[in-house]
Amino acid sequence: MRIVALLALSSLLCAAAQDGVFHTGKETQNDVNDEDKVFWERFLNNFDMDLIKGSPYQVDQASFSFSDSPSQSPSNFACEVDVAVTCEDREGDPCDSIPSPNATCATGETFNQLQFSYLPDNTCDMSRNQQYDIAQCEDITPSLADPILLTCTNPDNDDELKVDTTDIGGGAPLFTVMSPTPGQSLPTLINCTLQSNSTGVPLPIQWNIIGTSGNEELDLKEAYGALQLESCEGANVDNVCIEELVFRTVLVNVGGDLMNVTLVEGSFNGGDPVDLLDQVIPNPLDPAQSATVVDVVWVDFCETGNFSYSITAEADPPNGEMCQDEDNYNQTIRPQCEISLANLTCSDLSAPEDMPQDCQDIQAIENPQCECELCARQVIFRYTQANCPVQPNGYSCSQAGTLAPSGNISVSSMGTEFFYEAISQSSDIVIIDTQNTDNCVPETLDILIDTATGTQSILGLSTGCQTGSGIDLLDSFGSLTFTGYTCDENGENTTNCFSDILLETCVENDGTIDVFVTLFDLTIVDETIDLLNGTSGLELQPGLAYCQDTTDEISRCTPKEYTVVSVVQANDTSDIGCDDNLTLVFDVPPPLTLMPSSEPSSPPTPSPTDVPTASPTASPTASPTASPTANPTASPTSSPTASPTASPTASPTASPTASPTAS
């Protein structure tokens with residue numbers, strides 16, 4: 001019953017609603033007759049409302065009413081802004097197409113302009129460049145106080161050059177040095193003076209002379225005192241480290257209503273935001289209308305790193321909530337390292353001071369045989385640890401045990417020792433008269449070599465240096481090899497098979513970033529020398545060089561071509577790395593005389609003539625001689641005596657006879 005009553009009530013309410021007459025539950029309106037009015041009042045007042053109390057469908061009669069009719073179509077006036085940022089250089093090229101510049105500025109041509117940054121903490125001692133004999137720097141005051149001015153002149157005539165200063169932020173301006181006459185090149189040298197203007201009166205604090213002819217080394221990121229080279233511009237070069245970049249942002253009203261832009265801020269590398277709102281023209285923006293704002297920053301493309309730029313915009317519509325959008329730009333810079341072997345030199349340490357010392361100018365040994373006009377003041381041997389030969393030639397050699405790599409040598413002549421020294425394998429033994437170094441070394445030597453495991457005696461060794469039949473260089477005598485001699489007093493003008501050479505090479509960082517040298521080797525013939533001395537590596541800043549030298553030995557008694565190779569390898573932040581190598585070749589000529597060659601001599605002289613000589617020699621004598629000479633005797637003339645002649649005297653005479661007795 002209750003369900004039926006509720007359904008009936010529901011039907012009645014729906015019918016009333018469809019007629020548009022029911023609004024409050026106790027009142028009727030419009031064209032309702034009295035009979036209907038009485039019915040509805042009686043029904044509503046007498047119906048048991050408890051039937052629906054507590055029901056989820058309970059109706060609050062006091063507030064029950066119909067809503068207004070819906071609008072014709074929904075509105076589309078919500079605020080919506082779109083932000084897009086791009087990066088380009090001053091020429092309009094995309095930032096990600098900008099290459100890392102070539103660091104080398106010197107091309108043999110002069111420069112139109114050079115640009116330097118200011119390194120406030122750098123003194124002259126902190127210079128990093130390769131203008132070793134040209135660049136000059138002097139600190140005048142101990143500190144480099146801001147603000148800084150730069151003046152530059154031509155040191156040849158003191159003419160002033162033009163200097164433009166560009167503020168790139170961060171308290172580090174860029175100085176651009178150029179000729180005061182447009183189109184004219186810089187002089188071959190410039191003299192630039194840094195001045196502090198903190199008191200209003202310029203105070204010189206440092207000056208630098210820099211070679212700018214284009215013929216000497218000049219690379220980006222080299223430091224000349226507190227000036228660091230950032231760009232070079234000339235006829236054949238235009239290398240720039242610090243680029244001026246433009247971040248261009250387009251704001252578009254993509255909503256359906258007018259939009260008033262209230263905030264536009266850009267931030268470079270997470271720094272303080274820059275207000276760009278005043279660039280939004282027009283403002284407000286109509287639907288689909290756009291505005292462009294720009295922000296200019298300076299970025300160093302010569303150094304490894306990342307840079308980013310973020311842009312944020314906010315706007316309000318006439319009605320409704322605020323809207324916003326943001327965009328970001330990110331780029332990575334990875335310059336590749338540039339490294340070079342600046343030089344590879346070889347010097348002959350045995351060359352006299354008045355002779356060329358370059359290994360390319362090594363002279364042939366003039367006389368490979370020991371020969372002195374008066375006598376030898378020095379004879380030089382090398383200890384080889386060799387045993388006595390089976391058949392010594394011109395001397396005697398005896399040995400006990402096996403020779404050790406080191407020991408002692410004593411040299412005597414006619415029973416008198418005049419030289420004693422410690423020896424080791426492959427070391428030179430310069431035999432002199434230790435009592436008087438100007439004395440002649442005796443012609444005949446008796447030598448004793450004494451080691452821990454054996455001895456060797458070399459007796460009766462004649463050098464022949466004074467007689468004109470001297471021993472040859474590289475001849476061996478037991479464990480000794482003859483390697484040189486000196487005829488002059490004071491050890492001057494020595495002839496020696498073995499000479500020391502000095503090899504030197506330098507690795508230079510010609511790039512704009514720090515490099516880590518992982519390999520630096522020098523190889524001569526088959527011997528490789530580690531010039532890093534076993535360390536794990538070497539860090540080298542731009543403009544710096546690392547030089548190493550080593551001493552080696554060559555033989556001047558054996559003709560040979562020597563090849564020296566220097567190799568360097570380095571890592572960098574580009575994951576590519578860099579390397580270089582340099583080769584030096586020099587020849588040792590053969591001795592001028594006497595030394596036999598290792599190959600056969602030239603072919604024989606030309607063949608005999610085609611026909612005999614014009615005529616035979618004169619005719620024989622008129623007649624033969626009378627007879628041949630007498631026949632030989634049948635046997636020796638007389639037999640020896642049966643016994644010796646008279647016996648010797650009983651005792652020696654009192655004194656020697658005046659002359660030897662007859663035989």
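Data block above holds the structure.
Residues numbered from 1 in each chain as written. Predicted model: local features only at pLDDT ≥ 70, side-chain atom pairs only at ≥ 80, totals over all residues. Heavy atoms only, no water.

Residues and numbers for the overall build of the protein, please.
Across its full length, the protein holds two helices and 35 strands. By the burial criterion, 36% of the 663 residues in the protein qualify as buried. Here the analysis covers contacts within the protein between residues at least 6 apart in sequence; of these, 70% occur between residues at least 24 apart. Carbon and sulfur atoms provide 49% of the accessible area of the protein, an area that totals close to 38,400 Å². (Helix = DSSP H or I, 4+ residues; strand = E, 2+ residues; numbered from the N terminus. Buried < 20%, exposed > 50% of the residue type's maximum accessible area, 1.4 Å probe, protein only. Contact = heavy atoms within 4.5 Å. Areas by Shrake-Rupley, 256 points an atom, 1.4 Å probe, with all protein chains shown as cover.)

Which residues make up the sheet that holds strand 24 (residues 444–451), and what values go with them?
Two orientations exist for strands paired in a sheet by backbone hydrogen bonds: parallel and antiparallel. Strand order across the open sheet formed by five strands is 20-25-24-21-22, with antiparallel pairing between neighbours. In this open sheet, the two edge strands, each paired with only one partner strand, are strand 20 (396–401) and strand 22 (416–424). Going across the sheet, the axis of each strand differs from the next one's by a mean of 15°, ignoring polarity. Pairing of strand 21 (residues 406–413) with strand 22, which is carried by eight bridges, proceeds in the antiparallel orientation. Across the sheet, residue S410 finds its bridge partner in strand 22, namely Y420. (Pairing = 2+ DSSP bridges. Axes fitted to C-alpha atoms, helices over the stretch in contact; angles between N-to-C directions.)

So what's going on with the pairing of strand 23 (residues 428–431)? Residues and values would help.
The two faces of the sheet receive side chains in turn, since in a regular strand these alternate between them. Judged by which residues are buried, strand 23 turns out to be one-sided: I429 and I431 face inward and are buried, whereas D428 and V430, on the alternate face, are not. Looking at chain direction, strand 19 (residues 378–383) and strand 23 are connected through four bridges and run antiparallel. For R382, the partnering residue across the bridge sits in strand 23 and is D428.

How would you explain the packing of aromatic side chains if you had to name every residue and give the values?
Overall, the coordinates contain 13 aromatic pairs when judged by the stated rule. On the numbers, 6.5 Å between centres and 70° between planes, the contact of F247 with F307 is edge-to-face. Taken as a pair, F247 in strand 12 (residues 242–253) and F307 in strand 16 (residues 305–316) lie far apart in primary sequence, 60 residues in all. Each member of the pair F247 and F307 is classed as buried. Stacked on the ring of F498, the Lys or Arg R382 has its end atom at 4.0 Å from the ring centre. (Phe/Tyr/Trp six-rings, centres within 6.5 Å; stacked < 30°, edge-to-face > 60°. Lys NZ or Arg CZ within 6 Å of the ring centre and 35° of its normal.)

So what about the layout of surface pockets? Which residues, and what values?
If you add up the space inside the largest pocket, you get close to 710 Å³. Lining the largest pocket we find 25 residues, and of these P352, N493, T494, T495 and R556 sit closest to its centre. Of all the secondary-structure elements, those providing two or more residues to the lining of the largest pocket are strand 28 (494–496) and strand 29 (498–509). When residues in the lining of the largest pocket are grouped by element, the largest group, three residues, is from strand 28. Here the residues of the lining of the largest pocket are counted per class, giving 11 nonpolar, eight polar and six charged. (1 Å grid on protein atoms, 1.4 Å probe; cavity = no way out; pocket = protein on both sides within 12 Å on 5 of 7 lines; lining within 4 Å. Points joined across faces, edges and corners; volume = space filled by probe spheres on them. Nonpolar A, V, L, I, M, F, W, Y, C, P; charged D, E, K, R; others polar.)

Give a detailed account of the side chain of T495, specifying residues and quantitative values.
As for its position among the elements, T495 is in strand 28. When near neighbours in sequence (up to four residues on either side) are disregarded, T495 contacts I365, N367, L473, T483, G484 and Y485.

How would you sum up the nonpolar core? Please name residues and give values.
Ranked by internal contacts, the top residues of the largest apolar core, which has 34 residues, are V379, F381, I409, I431, I447, L480 and F482. When contributions to this core are tallied by element, the ones reaching two or more residues are strand 19, strand 21, strand 22, strand 23, strand 24, strand 25 (454–462) and strand 27 (480–486). Each residue touching I447, except ones within four places of it in the same chain, is listed here: I409, S410, V411, Q456, S457, I458, L459, L461 and L480. Of all hydrophobic cores here, the second largest spans 30 residues; its members include F116, V177, L194 and C302. (Core = buried A, V, L, I, M, F, W, Y, C linked by side-chain atoms within 4.5 Å.)

Explain the sheet that holds strand 7 (residues 189–196) to me, using residue names and the numbers behind them.
Strand order in the open sheet formed by four strands is 3-8-7-4, with antiparallel pairing between adjacent strands. Either end of the sheet is taken by a strand with one partner, and the two such strands are strand 3 (136–139) and strand 4 (148–153). This sheet shows a mean twist of 15° between the axes of neighbouring strands, independent of strand direction. With six bridges connecting them, strand 4 and strand 7 associate as antiparallel partners. Residue pairing across strands places C152 opposite C192, the latter belonging to strand 7.

I'd like a description of the pairing of strand 13 (residues 260–268), backed by residues and values.
The pairing of strand 13 with strand 16 spans eight bridges and is antiparallel. Residue S267 lies in a different strand from strand 16, and its bridge partner there is S310. Bridge count between strand 13 and strand 14 (residues 274–275): two bridges; the pairing is antiparallel. Its bridge partner lying in strand 14, E265 is registered against D275. Counted along the chain from strand 13 to the antiparallel partner strand 14, the turn is five residues long, and its residue N269 has a positive phi close to 55°.

Provide a residue-level description of the pattern of salt bridges, including the pertinent values.
A full pass over the atoms with the stated rule returns seven salt bridges. Across the pair E88 and R248 runs a salt bridge, and its minimum N-O distance is 2.8 Å. One end of the pair, E88, is in strand 1 (residues 81–89); the other, R248, is in strand 12, and 160 residues separate them in sequence. When its relative accessible area of 32% is taken as the criterion, R248 is described as partly exposed. Notably, a salt bridge pairs K221 with D300, separated by 2.5 Å at the nearest N-O pair. Within this pair, whereas K221 is found in the loop between strand 8 (203–211) and strand 9 (223–224), its partner D300 is found in strand 15 (residues 290–300), the two being separated by 79 residues in sequence. Within this structure, K221, E230, D300 and E303 form a network of salt bridges that share partners. (Salt bridge = Lys/Arg side-chain N within 4 Å of Asp/Glu carboxyl O.)

Go over the state of the cysteines with me, naming the residues and quoting the values.
Under the counting rule described, the total for this entry stands at 14 disulfides. The disulfide that involves C79 links it to C323, with 1.8 Å between the sulfurs. Linking C79 in the loop between helix 2 (34–46) and strand 1 with C323 in strand 17 (residues 323–333), this pair joins segments that are 244 residues apart in sequence. Each sulfur in the disulfide pair C105 and C232 lies 2.1 Å from the other. Taking the sign of the S-S torsion, about -85° here, the bridge from C105 to C232 comes out left-handed. With a gap of 127 residues between them, C105 in the loop between strand 1 and strand 2 (111–118) and C232 in strand 10 (residues 227–234) connect regions that are remote in the sequence. In this structure C105 comes out as buried when scored by relative accessible area, which is 0%. Assessed through its relative accessible area of 0%, C232 is described here as buried. (Disulfide = S-S within 2.5 Å.)

Provide a residue-level description of the environment of P187, including the pertinent values.
Checked against the element boundaries, P187 lands in the loop between strand 6 (174–178) and strand 7. In contact with P187, other than residues within four places in its own chain, are N154, L161 and T212.

So, the environment of T384: which residues are in play, and what are the values?
For T384, the location among the structural elements is in the loop between strand 19 and strand 20. Note on T384: relative accessible area 32%, which makes it partly exposed. The sequence separation of T384 and S426 amounts to 42 residues, and the corresponding C-alpha distance is 5.9 Å. Among all residues touching T384, those that are not within four sequence positions of it are Q425, G478, S479, L480 and T481.

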